[in-house]
Amino acid sequence: MAASGAGVPMRREVLQLYRSLLRVARQFCDYNIREYSKRRTMDAFRDNKNLRDPSQLSAAFSHGKAQLEVAKRQSLLYSLYAPKVKSIMDF
Amino acid sequence: MASKLLRQTLTKTYTTAVIRRFSTVAAVASPSEYEDPTGITMKGVKISGRPLYLDMQATTPVDPRVLDSMLPFYLSRYGNPHSRTHLYGWESETAVETARAQVAALIGASPKEIVFTSGATESNNISIKGVMHFYKDKKRHVITTQTEHKCVLDSCRHLQQEGFEVTYLPVGSDGLIDLDRLRKEIRPDTGLISVMAVNNEIGVVQPVEEIGKICKEFNVPFHTDAAQALGKIKVDVEKWNVSLMSLSGHKIYGPKGVGALYMRRRPRIRVEPQMNGGGQERGIRSGTVPTPLVVGMGAACELAMKEMEYDEKRIKGLQERLLNGIREKIDGVVVNGSMDRRYVGNLNLSFAYVEGESLLMGLKEVAVSSGSACTSASLEPSYVLRALGVDEDMAHTSIRFGIGRFTTEEEIDRAVELTVKQVEKLREMSPLYEMVKEGIDIKQIQWAQH
């Protein structure tokens with residue numbers, strides 16, 4: 001029994017994780033990272049939509065939660081060192 | 001009066017002693033001299049924002065997930081991995097060994113076969129000069145190609161000055177080497193064959209599996225520079241039968257300043273070390289292993305393994321979008337290098353009847369590289385394009401678009417729009433283009449001397 005910690009997530013939790021990831025992704029001040037985070041989140045959740053096996057579900061959910069922590073830290077870090085001028089794609 | 005003076009002095013000291021929340025020590029080096037809220041002015045050019053980045057072959061941005069894995073080793077876990085006596089050293093060493101395993105997993109090797117270096121250039125130097133110096137009594141000949149990276153060509157030139165013989169194999173107009181020609185050039189005293197897997201300028205993928213088979217047949221060590229190939233195409237040291245492989249960290253969304261060298265153990269290949277010292281990295285490369293950089297490279301490799309399929313599918317779509325977008329609007333666009341055997345993220349285009357330097361000057365809002373600039377400071381056209389047999393005028397107008405994990409569709413569309421606009425503007429002004437449109441063949445013109 002793998003000690004992933006999360007257990008099998010409920011639908012509500014998965015949706016909460018999805019929304020949190022997208023919210024943090026939107027906050028990145030770097031254009032490329034922002035777009036990548038949004039896109040990757042949507043594609044990853046879409047690809048895992050049909051998972052039914054409990055161990056796969058809990059592994060994917062823990063992976064998602066870990067990525068959320070990474071994204072939160074990095075979003076803060078990128079904003080601390082943001083260049084004065086934005087990317088040309090942001091205009 | 002005295003109290004007024006006292007109040008003035010107190011308020012003066014208060015305003016000048018504003019405490020900044022974050023230290024501005026690093027800000028002294030920050031580029032505030034050329035950045036202001038209205039835009040960036042540098043080298044006489046003013047643009048309204050940071051350019052969109054399409055130069056992934058030069059370097060790639062560090063993936064935030066990679067940066068996240070590196071930071072603890074700059075903050076609290078700063079030990080030297082070779083310190084054997086305390087926790088700092090032990091945790092650093094564990095991290096280095098984990099990273100080694102991650103790099104090995106991506107190329108299908110064993111962790112014992114990976115040596116960390118300062119980059120692919122150093123790995124290439126160790127491979128070429130190290131192998132030939134080790135076997136210098138029996139083996140005096142090296143085979144390489146004309147389109148290799150500068151560090152490989154320069155190492156070979158250094159060997160030539162020492163008295164070794166080097167054969168530079170020519171390439172066809174599609175950038176691929178001729179396998180029969182390679183077979184013919186192998187001699188009994190050939191000590192090394194070095195062919196890069198993916199070319200950094202034109203993106204062509206050499207037939208490494210077939211070359212590996214030939215090397216096995218003749219029992220010659222095979223070195224490949226896989227800096228551009230790692231994490232982008234499937235790399236397998238067993239299938240390719242390589243003895244030595246150079247890897248680079250900053251081409252796979254990892255940090256700059258780190259690379260690796262794969263050295264086969266069965267059959268064992270020996271090299272003479274280029275860096276002497278305390279015997280780190282099995283004596284091949286002495287010097288403290290930079291834990292944060294190595295951890296970053298390991299994380300980047302692990303990420304590349306997971307994301308390779310997703311990235312490749314996406315980048316292929318973007319490449320088609322770029323090429324079709326440009327070809328729809330303008331003609332006279334030539335792709336340099338084979339279209340079939342190509343890494344999808346590299347597109348090297350030449351625009352006919354357009355002058356190269358002026359094209360680049362007009363494309364300041366897109367960060368791209370030209371075929372000539374990255375090889376030399378002079379205006380000499382790139383040796384890679386010359387080896388392909390591209391005409392001088394076409395070689396000058398070549399542009400290399402590098403697409404990567406973080407490139408978006410909007411960036412591609414903007415790049416297409418800007419390129420097409422600039423090319424059309426230049427062609428409008430070009431008298432040569434007018435003559436071509438009238439049907440005159442430029443090559444037949446007899447230019448009169450005045």
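It should be emphasised that the depicted structure is a prediction, and the values quoted were computed from it without experimental measurement.

Participant: Got a minute to help me understand the overall build of chain B in this structure?
Facilitator: The number of helices and strands found in chain B is 15 helices and 16 strands. Along the three orthogonal principal directions, the C-alpha set of chain B runs to about 100 × 75 × 45 Å. Looking at chain B residue by residue over its 450 residues, the buried ones come to 52%. Of the contacts formed within chain B by residues at least 6 apart in sequence, a portion of 71% connects residues at least 24 apart. Total accessible area on chain B stands at roughly 22100 Å², and carbon and sulfur atoms take up 54% of it. Each charge class in chain B was averaged separately, 57 positive and 56 negative side chains, and the resulting centres sit 7 Å apart.

Participant: Looking at this model, I keep getting lost on the overall build of chain A. Mind explaining?
Facilitator: A tally of regular secondary structure across chain A gives three helices and zero strands. Oriented by its inertia axes, the alpha-carbon framework of chain A measures out at about 50 × 25 × 20 Å. Taken across its 91 residues, chain A has 35% of its residues classed as buried. Long-range pairs, those at least 24 residues apart, make up 75% of the contacts in chain A between residues at least 6 apart in sequence. Carbon and sulfur atoms make up 55% of the accessible area of chain A, which totals about 5900 Å². The positive charge centre, built from 17 side chains, and the negative charge centre, built from 8, are 5 Å apart in chain A.

Participant: Looking at this structure, how should I read the interface of chain B and chain A?
Facilitator: Reports of interface size often rely on the accessible area that becomes lost once the parts have come together. Counting residues at the interface gives 28 residues for chain B, matched by 24 residues for chain A. Summed over both sides, the interface between chain B and chain A buries roughly 2400 Å², with carbon and sulfur atoms accounting for 58% of that surface. At the surface where chain B touches chain A, the tally comes to two salt bridges. Residue B:E307 pairs with A:R40 through a salt bridge whose shortest N-O separation is 2.7 Å. Run the count over chain B and chain A and you get eleven residue pairs in polar contact (both at pLDDT 80 or more). Sorting the residues of the side of chain B that touches chain A by element identifies strand 1 (35-36), strand 2 (39-42), helix 2 (64-70), helix 10 (291-329) and helix 14 (409-429) of chain B as the ones contributing at least two each. A breakdown of the residues in the side of chain B that touches chain A according to their chemical character gives nine nonpolar, six polar and 13 charged.

Participant: Where do I start with the pairing of strand 10 (residues 244-248) of chain B in this structure?
Facilitator: Along any regular strand the residues' side chains alternate between the sheet's two faces. Residue and element names in this part refer to chain B. In terms of burial, strand 10 is a largely internal element, five of the five residues being buried. Side-chain alternation along strand 10 places L244, S246 and S248 on one buried face and M245 and L247 on a second face that is also buried. Across three bridges, the pairing between strand 9 (residues 222-225) and strand 10 is parallel. What sits directly across from D225, in strand 10, is S246. Bridge count between strand 10 and strand 11 (residues 259-263): five bridges; the pairing is antiparallel. Bridge assignment links S248 to a residue of strand 11, and that residue is G259.

Participant: Would you take a moment to explain a nonpolar patch on the surface for this structure?
Facilitator: Residues and elements named next belong to chain A. Taken together, the side chains of L76, L80 and Y81 make up a nonpolar region of the molecular surface, amounting to roughly 360 Å² of accessible area. Structurally, the position occupied by L76 is in helix 3 (residues 54-80). Given the relative accessible area of 53%, L76 is considered exposed.

Participant: Help me out: how do you make sense of the UniProt feature "domain: Complex 1 LYR protein" (unreviewed entry) in chain A in this one?
Facilitator: With numbering aligned to this structure, UniProt lists the feature "domain: Complex 1 LYR protein" (unreviewed entry) at residues 12-70 of chain A. In the segment residues 12-70 of chain A, helix accounts for 83% and strand for 0%; the C-alpha atoms at its two ends are 22 Å apart.

Participant: I'm lost on the nonpolar core in this one. Help?
Facilitator: It is characteristic of soluble globular proteins that their nonpolar side chains tend to be buried jointly. Residues and elements named next belong to chain B. By size, the foremost hydrophobic cluster in this structure holds 96 residues, and its most contacted members are I107, I193, M245 and F351. Of the residues forming this core, the biggest block, 14 residues, is contributed by helix 10. Contacts of F351, omitting those with residues within four sequence positions, involve I326, I330, G332, V333, L359, M394, T397, I399, T419, V423 and R427. The next biggest cluster of nonpolar side chains, apart from the first, holds 19 residues, and it includes V152, F164, I269 and I284.

Participant: What exactly am I supposed to notice about the environment of B:V271 here?
Facilitator: Residues and elements named next belong to chain B. Position of V271 among the secondary structure elements: in the loop between strand 11 and helix 10. Placed 87 residues apart in sequence, V271 and S358 show a C-alpha to C-alpha distance of 46 Å. Among residues more than four places away in sequence, those in contact with V271 are I126, G130, V131, F134, L244, M263 and I284.

Participant: I would appreciate a short explanation of the sheet that holds strand 16 (residues 398-402) of chain B in the present structure.
Facilitator: For sheets, the rule is that strands pair by backbone hydrogen bonds, running either parallel or antiparallel. All names here are of chain B. Spatially, the four strands line up as an open sheet ordered 12-13-16-15, and their pairing is antiparallel. Two strands lie at the open edges of the sheet, namely strand 12 (333-335) and strand 15 (369-370), each paired on one side alone. Here strand 13 (residues 346-351) pairs with strand 16 via five bridges, running antiparallel. In the strand pairing of strand 16, L349 is matched with I399. Across the face of the sheet, helix 10 comes into contact with strand 12, strand 13 and strand 16 while running at roughly 10 degrees to strand 13.

Here is what the cut-offs are and how they apply
- Residues numbered from 1 in each chain as written.
- Chains lettered and ligands numbered in written order.
- Predicted model: local features only at pLDDT ≥ 70, side-chain atom pairs only at ≥ 80, totals over all residues.
- Heavy atoms only, no water.
- Helix = DSSP H or I, 4+ residues; strand = E, 2+ residues; numbered from the N terminus.
- Buried < 20%, exposed > 50% of the residue type's maximum accessible area, 1.4 Å probe, protein only.
- Contact = heavy atoms within 4.5 Å.
- Areas by Shrake-Rupley, 256 points an atom, 1.4 Å probe, with all protein chains shown as cover.
- Lys, Arg positive; Asp, Glu negative; His and termini not counted.
- Charge placed at Lys NZ, Arg CZ, Asp CG, Glu CD.
- Buried area = accessible area lost by both parts, 1.4 Å probe.
- Salt bridge = Lys/Arg side-chain N within 4 Å of Asp/Glu carboxyl O.
- Polar contact = N/O pair within 3.5 Å; in protein donor to acceptor, adjacent residues only side chain to side chain.
- Nonpolar A, V, L, I, M, F, W, Y, C, P; charged D, E, K, R; others polar.
- Pairing = 2+ DSSP bridges.
- Patch = residues over 30% accessible without salt bridge, like charges linked within 9 Å, V, L, I, M, F, W, Y side chains within 5 Å.
- UniProt positions renumbered as here; feature names shortened; annotations may be inferred.
- Core = buried A, V, L, I, M, F, W, Y, C linked by side-chain atoms within 4.5 Å.
- Axes fitted to C-alpha atoms, helices over the stretch in contact; angles between N-to-C directions.

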